Amino acid sequence: MAYRKLGRDNKHRRSMLATLTKQVILNEEITTTDTRAKEVRKFVDKMVTYGKKGDLGSRRRALAFVHNDKEVVDKVFNDLARRYENRNGGYTRILKLDERRGDNALMVILKLVEETK
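The structure reproduced in this document is the subject of the present report. (Residues numbered from 1 in each chain as written. Predicted model: local features only at pLDDT ≥ 70, side-chain atom pairs only at ≥ 80, totals over all residues. Heavy atoms only, no water.)

### Section: helix α2 (residues 34-53)
No. 1: Here α2 contains 20 residues, and its C-alpha end-to-end distance of 29 Å stays within 8% of the 28 Å for a straight helix at 1.5 Å per residue.
No. 2: Among the residues of α2, those classed as buried are D34, A37, E39, V40, F43, V44, D45, M47, V48, Y50 and G51.
No. 3: Where the residues of α2 are buried, they touch α1 (10-27), β1 (29-33), α3 (56-65), α4 (70-83), β2 (92-99) and β3 (106-112).
No. 4: Following α2 by one or two positions, G54 adopts a phi angle in the positive range, close to 75°. (Helix = DSSP H or I, 4+ residues; strand = E, 2+ residues; numbered from the N terminus. Expected span 1.5 Å × (residues − 1). Buried < 20%, exposed > 50% of the residue type's maximum accessible area, 1.4 Å probe, protein only. Contact = heavy atoms within 4.5 Å.)

Quick look at the structure:
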């Protein structure tokens, strides 16, 4: 799988992506840079897919990725899996904002889409 380095070494990048993934799941939206959002989107979609599978192996893989944060995994498996049960992918949306003052990085809002039942 091709990935962006995001100016960090491997451990820092994985930790940052896991933290951003946790924040998207818990808060259902975050404000970050465009390149980070595009990377995090992959992991959020993967976590929701694990929740939709619902088996023990998927739960363990999800726990391993988010550093054993049970609150996040419970929300994925109980709430988000039910919310997106009829949706095949595309669980996140990126809304563009203005550039960040200082370094002109393009800022975006990464949020979970609202699924109506």
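### Quick word on the nonpolar core
No. 1: With 31 residues, the main nonpolar core has V24, V40, M47, L80, Y84 and L110 as its most contacted residues.
No. 2: If one sorts the elements of this core by residue count, α2 sits on top with seven residues.
No. 3: Filtering out sequence-adjacent residues up to four positions away, V40 remains in contact with L17, L20, T21, V24 and L110. (Core = buried A, V, L, I, M, F, W, Y, C linked by side-chain atoms within 4.5 Å.)

### A closer look at the packing of aromatic side chains
No. 1: Evaluation of the coordinates by the stated rule reveals two aromatic pairs.
No. 2: When the centroid spacing of 5.1 Å and the interplanar angle of 10° are considered together, the rings of F43 and F65 count as stacked. Taken as a pair, F43 in helix α2 and F65 in helix α3 lie far apart in primary sequence, 22 residues in all. Taken as a pair, F43 and F65 share a single burial class, namely buried.
No. 3: The ring of F77 has R59 lying over it, and the distance from NZ or CZ to the ring centre is 4.4 Å. (Phe/Tyr/Trp six-rings, centres within 6.5 Å; stacked < 30°, edge-to-face > 60°. Lys NZ or Arg CZ within 6 Å of the ring centre and 35° of its normal.)

### Let's talk about the side chain of T33
No. 1: Relative to the helices and strands, T33 resides in strand β1.
No. 2: Residue classification places T33 among the buried residues on the basis of a relative accessible area of 9%.
No. 3: The residues contacting T33, other than those within four sequence positions of it, are R100, A105, L106, M107 and V108.

### Focus on the environment of S58
No. 1: Looking at the element boundaries, S58 is found in helix α3.
No. 2: With relative accessibility at 0%, the residue S58 sits in the buried group.
No. 3: Expressed as a C-alpha distance, the spacing of S58 and M47, which sit 11 residues apart in the sequence, is 8.8 Å.
No. 4: Among all residues touching S58, those that are not within four sequence positions of it are Y50, K53 and F77.

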